[in-house]
Amino acid sequence: MALAAVAPDVLLPRPFAITRYVRDTHDTFTIELEPADGGGPITFEPGQFNMLYAMGVGEVPISISGDPAKPEKLVHTIRAVGPVTKAMQAMGKGDMIGVRGPYGSAWPMETARGNDLLVIAGGIGLAPLRPAIYWGLAHRQELGRLVILYGTRTPHDMLFRKELEKWRGRLDVSVRVTVDRAEPGWKGNVGVVTTLIPRAGFDPVDVVALVCGPEVMMRFCARELVNHGVSPDRIFLSQERNMKCGVGLCGRCQYGPTFVCKDGPVFSYERVSPLLGKREL
Amino acid sequence: METLERILREHKFFRDLEPQHIELLVGCASNVRFSEGEFICREGDEATQFFLIRAGSVALEINTHDRGPLVVQTLGEGDILGWSWLIWPYKWHFDARCLDLVRAIALDATCLRTKCEADHHLGYEILKRFGHVVVERLEATRLQLLDVYRVTP
């Protein structure tokens, strides 16, 4: 991207107020935001992200986890891991956050029309996939099978538990959840998420697979999907890298010949498979 | 009509096996069902069978004196339960407990080992297929050990 092509306000955060704060797990929380500058809502496509700014602390890229059909509620699900996200974790209703975006590529929802839609999430990777699931539910009649596979560390770390149960209760959606480590009382599946793929029941020829989670998990999932006959150009992954500017200027998130912030975060497996697992990339 | 032969022939594990070998397998197979909570096998017991799970879920567990039984993996429809029957000393490595009603095809170990000894072509095919199961379990275990969802600031 040429420097001249970047709009002057593309790096300027807008003030947004927290209107709702939900603690999801011991280290993960969801916030709903509304513009506090009198401007309109941020419309987005499933898979895109915003740069969120904790005033005086710093800025982080966070995927949008809300419903793309309801842009007036800007929803982000955040894991508190560093100073910025920990500062946001300590906030509450009424507090202000700077927002700029949306940025990045989106899940290829139009490609999914007329096909099976397979969503594979690992850990907090369910958050960037939730808009795609909302899209899938809203366009259910235009899809073949809608399958959601979710793997998480323990039952205690499970994200959006109530929603998963609601989706599982639908006859037109197949939801399978697995944990790497069971806890007493857990009656569900135990094992890594890749073990759910052979039992998922999708058509490998007419499926679009969206995968998001830790990179090693995505790598193994993509490999397993290919082993089951899914073409690499029908598998999409959302990559995560340290980002600074979010618009392809600073080069912080360079990923081989691409920048994750503007060429990604969503890439086809066909495009990035040579880069996956490469050391020091 | 649902026959053991058809079930075995169509199961992904036995896909493309020669018809005469399917016939040999049918001679060692039987339909079984287990109730919720029932143990299909116990760690240390002699592995006299293996199972093709047709319906239901099975938890592979290891019992610990301080934390009670720990589930290490769940198996479900289409999965193979048990490779211990094939490799000496033919003892189960885990407990297998039914999480709900389980329907399966059981294959008798002595019967099948004898047939594999008599027909090495069959034996090699079975070994290759179980080798794949063992590798899949090993890879899944390694991924579990990586603890990929652990938070790293």
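Residues numbered from 1 in each chain as written. Chains lettered and ligands numbered in written order. Predicted model: local features only at pLDDT ≥ 70, side-chain atom pairs only at ≥ 80, totals over all residues. Heavy atoms only, no water.

Observations regarding the overall build of chain A
Spelled out, the test is: Secondary structure elements are defined from DSSP: runs of H or I of at least 4 residues count as helices, runs of E of at least 2 residues count as strands, and each element is numbered from the N terminus. This radius of gyration counts C-alpha atoms alone. The globule rule is 2.2 Å times how many residues there are, raised to the power 0.38. Exposed residues in this analysis have more than 50% of their type's maximum accessible area, buried residues have under 20%, and partly exposed residues fall in between, with area computed by a 1.4 Å probe over protein chains only. Only heavy atoms enter the contact rule, under which two residues are in contact if any of them lie within 4.5 Å. Per-residue and other accessible areas follow the Shrake-Rupley method at a 1.4 Å probe size, with only the shown protein chains counted as cover for residues. Charged-residue counts in this description rest on Lys and Arg as positive and Asp and Glu as negative, His and the chain ends being excluded. Note on charges: their place is set at NZ of Lys, CZ of Arg, CG of Asp or CD of Glu.
Secondary structure assignment for chain A yields seven helices and 15 strands. Here the C-alpha radius of gyration of chain A, 18 Å, is about what a compact globule of 281 residues would show, namely 19 Å. Expressed as lengths along the three principal axes of its C-alpha atoms, the size of chain A is roughly 50 × 45 × 40 Å. The proportion of buried residues among the 281 residues of chain A is 56%. Here the analysis covers contacts within chain A between residues at least 6 apart in sequence; of these, 70% occur between residues at least 24 apart. As displayed, chain A has an accessible area near 11,900 Å², and 51% of this comes from carbon and sulfur atoms. Side-chain charges of chain A comprise 33 positive and 29 negative groups, with the mean position of each set lying 5 Å from the other.

As for empty space enclosed by the protein
One water molecule sets the probe size; rolling that probe over the atoms shows where empty space is left. As a reminder, the rule being used: Points on a 1 Å grid, built from protein atoms alone, make a cavity when a 1.4 Å probe fits but cannot get out and make a pocket when they are open with protein on both sides within 12 Å along at least 5 of 7 lines; residues with an atom within 4 Å of a point are the lining residues. Grid points are joined across faces, edges and corners, and a volume is the space filled by probe spheres set on the points. Asp, Glu, Lys and Arg are counted as charged, while Ala, Val, Leu, Ile, Met, Phe, Trp, Tyr, Cys and Pro are counted as nonpolar; the rest, among them Gly, fall into the polar class.
Applying the stated criterion across every chain yields a total of one cavity of 30 Å³ or more. Of the pockets and cavities examined, the largest cavity occupies roughly 60 Å³. If you trace the largest cavity, you find it lined by A:Asp180, A:Val192, A:Val193, A:Thr194, A:Met217, B:Leu143, B:Val148 and B:Tyr149. Of the residues assigned to the lining of the largest cavity, the class counts are six nonpolar, one polar and one charged.

Observations regarding the pattern of salt bridges
The cut-off we apply is this: Take a side-chain nitrogen of Lys or Arg and a carboxyl oxygen of Asp or Glu: if they are within 4 Å of each other, that pair is a salt bridge.
Applying the stated rule across the entire model yields 20 salt bridges over all chains. Residue A:Glu163 pairs with A:Arg130 through a salt bridge whose shortest N-O separation is 2.7 Å. Of this pair, A:Glu163 sits in helix α4 (residues 161-168) while A:Arg130 is found in helix α3 (residues 126-138), placing the two residues 33 residues apart along the sequence. A residue is classified by how much of its surface remains accessible, and A:Arg130, at 8% relative accessible area, is buried. Ionic pairing is found between B:Arg6 and B:Glu10, a salt bridge with its closest N-O pair at 2.8 Å. In this pair, B:Arg6 and B:Glu10 both sit in helix α1 (residues 4-10), four residues apart, roughly one turn of the helix.

A word on the sheet that holds strand β9 (residues 174-179) of chain A
All names here are of chain A. Which entries qualify depends on this criterion: Strand pairing requires that DSSP identify at least two bridges connecting the strands. To get an axis, fit a line to the C-alpha atoms, keeping to the stretch in contact for a helix; angles then go from 0 to 180 degrees between the N-to-C directions.
Pairing within the open sheet is mixed, and its seven strands lie in the order β10-β9-β8-β7-β11-β12-β15. Since the sheet does not close on itself, it has two edges, and those belong to β10 (189-190) and β15 (266-268), each with one partner. Bridging between strand β7 (residues 116-122) and strand β8 (residues 146-152) involves six bridges; their strand directions are parallel. The residue bridging Gly-122 from the neighbouring strand is Gly-151, located in β8. Contacts from α3 reach β7, β8 and β11 (207-212) within the one sheet, and its direction differs from that of β7 by about 160°.

Let's talk about helix α5 (residues 215-227) of chain A
Rules: How far a helix is expected to stretch is found by multiplying one less than its residue total by 1.5 Å.
Compared with the 18 Å implied by 1.5 Å per residue over 13 residues, the 18 Å span of α5(A) between its first and last C-alpha is a close match. Every buried residue of α5(A) is listed here: A:Val216, A:Met217, A:Met218, A:Phe220, A:Cys221, A:Ala222, A:Glu224 and A:Leu225. Check the buried side of α5(A) and you find it contacts β7, β11, β12 (235-238) and α7 (269-272) of chain A together with α4 (120-146) of chain B. Directly beyond the C-terminal end of α5(A), a positive phi value near 95° is found at A:Gly229.

A closer look at the state of the cysteines
Residue and element names in this part refer to chain B. Test applied: Criterion for a disulfide: a pair of cysteine sulfur atoms within 2.5 Å.
In total, this model carries one disulfide over all chains according to the counting rule given. The disulfide bridge from Cys-28 ends at Cys-111, spanning 2.0 Å between sulfur atoms. Taking the torsion about the S-S bond as the criterion, the Cys-28 to Cys-111 disulfide, at about -70°, is left-handed. Of this pair, Cys-28 sits in the loop between α2 (19-26) and β1 (29-34) while Cys-111 sits in helix α3 (residues 109-118), and the two are 83 residues apart along the sequence.

Focus: the nonpolar core
Just so we agree on the cut-off: In this description, a nonpolar core means a group of buried Ala, Val, Leu, Ile, Met, Phe, Trp, Tyr and Cys residues linked to one another through side-chain atoms lying within 4.5 Å.
Counting 43 residues, the largest nonpolar core has A:Ile120 and A:Leu225 as its most contacted members. The dominant element in this core, judged by the number of residues it contributes, is α5(A), at seven residues. For A:Leu225, the contacting residues outside a window of four places in its chain are A:Leu118, A:Ile120, A:Ile197, A:Phe202, A:Ala209, A:Val211, A:Val230 and A:Ile235. Counting residues in each nonpolar core, the second largest holds 39 residues, with B:Leu25, B:Cys41, B:Leu52 and B:Leu112 among its members.

Some points on the packing of aromatic side chains
Counted only if it meets this: Under the pairing criterion, centres of Phe, Tyr and Trp rings, with the six-membered ring standing for Trp, must be within 6.5 Å; the plane angle then separates stacked pairs below 30 degrees from edge-to-face pairs above 60, leaving the rest tilted. When the NZ atom of lysine or the CZ atom of arginine is within 6 Å of a ring's centre and also within 35 degrees of its normal, the charge is said to sit over that ring.
Applying the stated criterion to the full structure yields 10 aromatic pairs over all chains. Between A:Tyr134 and A:Trp167, the aromatic rings sit 6.4 Å apart at their centres with planes inclined by 85°, giving edge-to-face as the arrangement. Remark: A:Trp167 occurs in helix α4 and A:Tyr134 occurs in helix α3; sequence separation between them is 33 residues. Judged by relative accessible area, which is 17%, A:Tyr134 ranks as buried. Relative to B:Phe14, the ring of B:Phe13 lies with its centre 5.0 Å away and its plane at 80°, an arrangement referred to as edge-to-face. Judged by its relative accessible area of 9%, B:Phe13 falls in the buried class. Through successive ring pairs, a cluster of aromatic residues spans B:Phe13, B:Phe14, B:Phe50, B:Trp85 and B:Phe130. One cation-aromatic arrangement involves A:Arg223 over A:Phe220; the distance from NZ or CZ to the ring centre is 4.8 Å.

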